[in-house]
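Each chain, written out:
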Amino acid sequence: MPLDFTAIDFETANSSNASACAVGLVRVRAGRIVAKAGWLIRPPAGHDAFFELNTRIHGIRAEDVVGAKSWTEQLGDLAAFAGADILVAHNAGFDMAVLKRACEATGDDYPPYRYACSLQVARSVYKLESYRLPFVAAEAGFPDFPHHNATADALACAHVMIDAARRTGADDLDALALGTGTRVSQIAVAAAPAATTFAA
């Protein structure tokens, strides 16, 4: 199988994992970046306060998302871009929690995406003083990007995984996980009626 995946990054309005306010997506096919997208999100009600700390990190303010699609409205766009791909994120546990918790906050079904973590892969492949995304991306040959811009972070993550696969001789994400002692996980889906199906 080729090295195909979608890198993803969320930014949040506050300390709630449900407070997604931006997403970045980068599609990789056969180890090459072929598409990227990103947009602002109006966080779910009850999770839509913008904390000063978060705004200081990513620069997004409440007024910036007034005209943005809600989580529910943009979810179809996200799923259309990612398709059935394995998702990849740097510290993937955070981004998968955002996807799951925002869906729970809005009552939307969340597809049980498989996912991999570029942070875990980087710790196996590189010898660095810090495994924060800017340091890892620089080692992968992608320096000087606007960190905490969701699309830029997803692009950096994609570069890291492509470089790690090259260094380890992995042809796909499952081989990369095997070669780095990491794993491709899956978002746990809560028990649902038997008739419920998921498109991912």
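Residues numbered from 1 in each chain as written. Predicted model: local features only at pLDDT ≥ 70, side-chain atom pairs only at ≥ 80, totals over all residues. Heavy atoms only, no water.

*Asks:* Help me understand the pairing of strand S3 (residues 32-40) in this model?
*Replies:* The side chains of a regular strand alternate, first on one face of the sheet and then on the other. As paired elements, strand S2 (residues 20-29) and S3 share eight bridges and run antiparallel to each other. Among the inter-strand pairings, glycine 24 is bridged to a residue of S3, identified as glycine 38. Between S2 and S3, which follow one another and run antiparallel, lie two residues, and alanine 30 among them has a positive phi close to 50°. (Pairing = 2+ DSSP bridges. Helix = DSSP H or I, 4+ residues; strand = E, 2+ residues; numbered from the N terminus.)

*Asks:* What's the story with the packing of aromatic side chains in this structure? I'm lost.
*Replies:* We describe a pair of aromatic rings using the distance from one ring centre to the other and the angle between the two ring planes. Scanning the model with the defined rule gives two aromatic pairs in all. Relative to tryptophan 71, the ring of phenylalanine 10 lies with its centre 5.8 Å away and its plane at 45°, an arrangement referred to as tilted. Taken together, the positions of phenylalanine 10 in strand S1 (residues 5-12) and tryptophan 71 in helix H2 (residues 71-82) put the pair 61 residues apart, joining distant regions of the chain. The pair phenylalanine 10 / tryptophan 71 is uniform in exposure class, with both members buried. Ring geometry for phenylalanine 142 against phenylalanine 145: centres 5.6 Å apart, planes inclined by 20°, an arrangement best described as stacked. (Phe/Tyr/Trp six-rings, centres within 6.5 Å; stacked < 30°, edge-to-face > 60°. Buried < 20%, exposed > 50% of the residue type's maximum accessible area, 1.4 Å probe, protein only.)

*Asks:* What is the right way to read unusual backbone geometry from this model?
*Replies:* The bulk of non-glycine residues show a negative phi, and the bulk of peptide bonds are trans. A positive phi is found at alanine 30, a non-glycine position, where the angle reads about 50°. Note that alanine 30 resides in the loop between S2 and S3. Look at alanine 30 and you get exposed, because its relative accessible area is 55%.

*Asks:* Before we go on, may I ask you to explain the nonpolar core in this structure?
*Replies:* Soluble, globular proteins show a tendency: their nonpolar side chains are buried together. Ranked by internal contacts, the top residues of the largest apolar core, which has 61 residues, are Phe5, Ile8, Phe10, Trp71 and Tyr126. The leading source of residues in this core is helix H6 (residues 150-168), at ten residues. Once residues within four sequence positions are removed from consideration, tryptophan 71 is found in contact with Phe10, Ala20, Ile41, Arg42, Pro44, Val98, Leu99, Ala102, Cys103, Thr106 and Asp108. Ala13, Ala22, Val65 and Ala68 belong to the second largest nonpolar core, which has eight residues in total. (Core = buried A, V, L, I, M, F, W, Y, C linked by side-chain atoms within 4.5 Å. Contact = heavy atoms within 4.5 Å.)

*Asks:* Sorry, what's going on with the pattern of salt bridges here?
*Replies:* Oppositely charged side chains can pair when the atoms bearing their charge come close. Under the counting rule described, the total for this entry stands at nine salt bridges. Its salt-bridge partner being arginine 167, residue aspartate 163 comes within 2.8 Å of it at the nearest N-O pair. With a gap of four residues between them, aspartate 163 and arginine 167 both fall in helix H6, about one helical turn apart. Note on arginine 167: relative accessible area 40%, which makes it partly exposed. Within the structure, one salt-bridge network assembled from shared partners comprises Glu139, Asp163, Arg166 and Arg167. (Salt bridge = Lys/Arg side-chain N within 4 Å of Asp/Glu carboxyl O.)

*Asks:* Looking at this structure, how should I read the environment of alanine 49?
*Replies:* With respect to the element layout, alanine 49 can be found in the loop between S3 and helix H1 (52-58). Given the relative accessible area of 41%, alanine 49 is considered partly exposed. Along the sequence, alanine 49 and serine 15 sit 34 residues apart, while their C-alpha atoms lie 9.6 Å from each other. For alanine 49, the contacting residues outside a window of four places in its chain are Ala13 and Asn14.

*Asks:* Just to check I follow, could you spell out helix H3 (residues 92-106) for this structure?
*Replies:* Since one α-helical turn is 3.6 residues long, residues separated by three or four positions face the same way. For H3, spanning 15 residues, the distance from its first C-alpha to its last is 21 Å, which sits close to the expected 21 Å at 1.5 Å a residue. Among all positions of H3, only Ala92, Asp95, Met96, Ala97, Val98, Leu99, Lys100, Ala102 and Cys103 are buried. Tucked into the core, H3 has its buried residues touching S1, S2, H2, strand S4 (87-89) and strand S5 (114-117). Of the residues trailing H3, glycine 107 is marked for its positive phi of about 80°. (Expected span 1.5 Å × (residues − 1).)

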